[in-house]
Number of protein chains: 2
Amino acid sequence: MVPTKKHLEQYYSYLYKLPLFNNLTQKELQPLFETLQVRQFHKNEIVTFNSKEHSRLYINFDGLFKLTKIDERGDEIVLKIVDKKDLVSPMHFSPHYDVAADFVKKTTLFYFSQESIAKTMADHHQFSLNIVQYLANSVQSLMLSAEVLQLKTAKEKVGWYLVHSKINSTFELPYPKSLIAAYLGMQPESFSRALSELKKEGILLDNKKIKLENGDELCAYCDPVIGADCAFFKTPNCLHS
Amino acid sequence: MVPTKKHLEQYYSYLYKLPLFNNLTQKELQPLFETLQVRQFHKNEIVTFNSKEHSRLYINFDGLFKLTKIDERGDEIVLKIVDKKDLVSPMHFSPHYDVAADFVKKTTLFYFSQESIAKTMADHHQFSLNIVQYLANSVQSLMLSAEVLQLKTAKEKVGWYLVHSKINSTFELPYPKSLIAAYLGMQPESFSRALSELKKEGILLDNKKIKLENGDELCAYCDPVIGADCAFFKTPNCLHS
DNA sequence: GTTTTTTCTTGATCTATATCAAGGGTTCAT
DNA sequence: ATGAACCCTTGATATAGATCAAGAAAAAAC
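Counting restarts for each chain, with residues numbered from 1 along the sequence as it is written. In the order they appear in the text, chains get letters beginning with A and ligands get numbers beginning with 1. Residues qualify for local features only when their pLDDT is at least 70, as the model is predicted, and side-chain atom pairs are given and counted only at 80 or more; totals for whole chains, interfaces and linings, by contrast, use all residues.

Participant: I tried to follow the pairing of strand β4 (residues 65-70) of chain A on my own but got confused; where do I start?
Facilitator: For a regular strand, the rule is simple: side chains alternate between the two faces of the sheet. Residues and elements named next belong to chain A. A pair of strands is treated as paired once DSSP finds two or more bridges between them. A run of H or I in DSSP counts as a helix once it spans at least four residues, and a run of E counts as a strand once it spans at least two, with each numbered from the N terminus. Taken together, the 6 bridges between β4 and strand β5 (residues 76-82) define a ladder with antiparallel strand orientation. The residue bridging Leu 67 from the neighbouring strand is Lys 80, located in β5. Two elements, β4 and strand β7 (residues 98-103), share 4 bridges in a ladder whose sense is antiparallel. In the strand pairing of β7, Leu 67 is matched with Ala 101.

Participant: Quick question: what am I supposed to make of the interface of chain A and chain B here?
Facilitator: In many reports, interface size means the accessible area that the parts give up when they come together. Taken together, the contact between chain A and chain B spans 33 residues of the former and 33 residues of the latter. When contributions to the side of chain A that touches chain B are tallied by element, the ones reaching two or more residues are β5, α3 (114-123), α4 (125-151) and α8 (224-227) of chain A. Element by element, the count of residues in the side of chain A that touches chain B is highest for α4 of chain A, at 17 residues. Three categories are distinguished: nonpolar for Ala, Val, Leu, Ile, Met, Phe, Trp, Tyr, Cys and Pro, charged for Asp, Glu, Lys and Arg, and polar for the others, with Gly belonging to the last. Split by residue class, the side of chain A that touches chain B holds 19 nonpolar, 10 polar and 4 charged. Here, residues touch in the contact sense if the C-beta positions derived from the backbone fall within 7 Å of one another.

Participant: Quick question: what am I supposed to make of the domain arrangement of chain A here?
Facilitator: Residue and element names in this part refer to chain A. Under the domain assignment, chain A is made up of domain 1 (5-141) and domain 2 (152-227). Domain boundaries shown here were taken from an automatic or database domain assignment. Computed over C-alpha atoms only, the centres of domain 1 and domain 2 are separated by 28 Å. Each partner contributes to the interface: domain 1 provides 6 residues, whereas domain 2 provides 5 residues. Examining the composition of the side of domain 1 that touches domain 2, we find that 4 residues originate from one element, β5, more than from any other. Looking at the side of domain 1 that touches domain 2 residue by residue, the classes come out as 4 nonpolar, no polar and 2 charged.

Participant: I keep staring at the nonpolar core and nothing clicks. Help me out?
Facilitator: Grouped burial of nonpolar side chains is what soluble globular proteins tend to show. The nonpolar core criterion groups buried Ala, Val, Leu, Ile, Met, Phe, Trp, Tyr and Cys residues into a set whenever they are joined through C-beta atoms within 7 Å. A residue is called partly exposed when the number of other C-beta atoms within 10 Å of its own lies between 12 and 20, exposed at 12 or fewer, and buried at 20 or more, with C-beta atoms placed from the backbone. Core analysis: the biggest nonpolar cluster contains 93 residues, and Val 139, Leu 142 and Leu 162 of chain A together with Val 139, Leu 142 and Leu 162 of chain B have the highest contact counts within it. Among residues more than four places away in sequence, those in contact with Leu 162 of chain A are Ile 203, Ile 210, Leu 218 and Tyr 221 of chain A.

Participant: Would you mind going over the protein's contact with DNA strand D with me for this structure?
Facilitator: Whether a residue is near a molecule or strand depends on its C-beta atom, generated from backbone atoms, being within 6 Å of that molecule or strand. Neighbouring residues of DNA strand D: 15 residues in total, closest Lys 177, Ser 178 and Ser 192 of chain A together with Thr 153 and Ser 190 of chain B. Those elements that provide at least two residues to the surface near DNA strand D are α6 (177-183) and α7 (188-199) of chain A together with α7 (188-199) of chain B. Counting residues per element, the surface near DNA strand D draws most heavily on α7 of chain A, at 6 residues. For the surface near DNA strand D, a count of residues per class yields 5 nonpolar, 6 polar and 4 charged.

Participant: What is the right way to read the protein's contact with DNA strand C from this model?
Facilitator: Every one of the 15 residues lining DNA strand C counts as a neighbour, but Thr 153 and Ser 190 of chain A together with Lys 177, Ser 178 and Ser 192 of chain B are closest to it. The element contributing the most residues to the surface near DNA strand C is α7 of chain B, with 6 residues. Here the residues of the surface near DNA strand C are counted per class, giving 5 nonpolar, 6 polar and 4 charged.

Participant: Got a minute to help me understand the sheet that holds strand β7 (residues 98-103) of chain B in this structure?
Facilitator: Hydrogen bonds along the backbone pair up the strands of a sheet, which may run parallel or antiparallel. Residue and element names in this part refer to chain B. With antiparallel pairing, the 4 strands of this open sheet are ordered in space as β2-β7-β4-β5. Looking at the sheet topology across the chains shown, the edges are occupied by β2 (46-50) and β5 (76-82). Averaged over all pairs of adjacent strands, the angle between their axes in this sheet comes to 30 degrees, without regard to strand direction. Sheet topology note: the β2/β7 ladder contains 5 bridges and is antiparallel. Orientation is described by lines fitted to C-alpha atoms, with helices fitted over the stretch in contact, and by angles between N-to-C directions that extend from 0 to 180 degrees.

So this is what it looks like as structure tokens:
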């Protein structure tokens, strides 16, 4: 899909603000931006992202999808919830690896071809650094997920997710509970039961809004990486001080 | 530790062959190699790798260790088994993330400071590309681990690991069973029981050597990424054909 | 080559979470 | 407003793998 001129200006200013393009000027980015492509996916569509047909870098402009793997039995893991401004780069996968993009909402993705990205990396060292930063963040968040999924109990997983929501998105659960449950590697029933356990500790979920009795109940479920973005990080009240 | 001149030559030719330095000449690498540092760790030593004190890129020259996270209860996950020639780059972690390096054998690590690496990336675009490749591989192998750990049963996990060993290391289990069990997120007892299940399918482990009755019994546990390195990949006998 | 230590196996039991089943809320379309 | 999906919750039951315990085998130390 080729976007209209009018939209393009709007798209460029959206892109320009993304961390991927940090410390690069509009002028430097212009040649890359001119290769921008746009594609829409409808709700419930499922697309296989492999490096053969999707040797690209995708940016979620608007919408929501999950990156998943499904096995022969139909069991699924959610590798990543891809919200607005998030990236996915099948261009970095090996030719034999693939994941499914499962669209939760109607979604508009931007993408750049592997060649455009490679050229921009060659022309602007800063862009290479940004790509490295993006991949390093991906590595770290996958390591953190592995830790959460393997070591935490159901209640701890849910508590941990609520801390994230508290710190990032102003006390609100950003997605349906069943999506979060899948991301945490548990069944919706277990998620629900974990929530009722947390209620006993003064942590209440009222129509997706997190309500706390004292305000510090979630600190027990925090980790230092997400904690660093908390207003109370390393104050006497914080566990990571 | 400053290595002697005699050792240095040997070290350089070792390094030069690593994928990290693909498509770079000895001459291009010389300035980086001159900043090489070496450190030894003894068996059972545990070191916290965080980006504050370990803002470096480590290369395992000789020995074996595991990258782990341990929680308050003492439960551990193994994020990666780091064998000879493998890399770990705490320099890419956020300042608040850390992992433990738990040395299984006496180990000699090489390392380069973040500054040396950054300079080499700036001077040689190819080196940036190699760093990107290394991180992309890390992302992919973490995604694959997540899949294996979450979706597979104990027996399938062990079968999957045996396929790896079969394809990479000539039918031999490279590490103690308890280490592999930990890497697969299971107890040694469960590993042992899984092995006896596999025995019924004609898959026998005789003193770390994998013995198969017909030769194709492990194919059921293969994945396409590791499968691509198998001699029979995409032949009629292969499940991924 | 014998002892000591570590690793592995096997059996009995326990437990957290999955699964199955059914009812209660919300949201959306008409 | 009313019905139809869909999502969530709660209860009963099942189960894979953990834990506990003890013995066997292998490796390391002397």
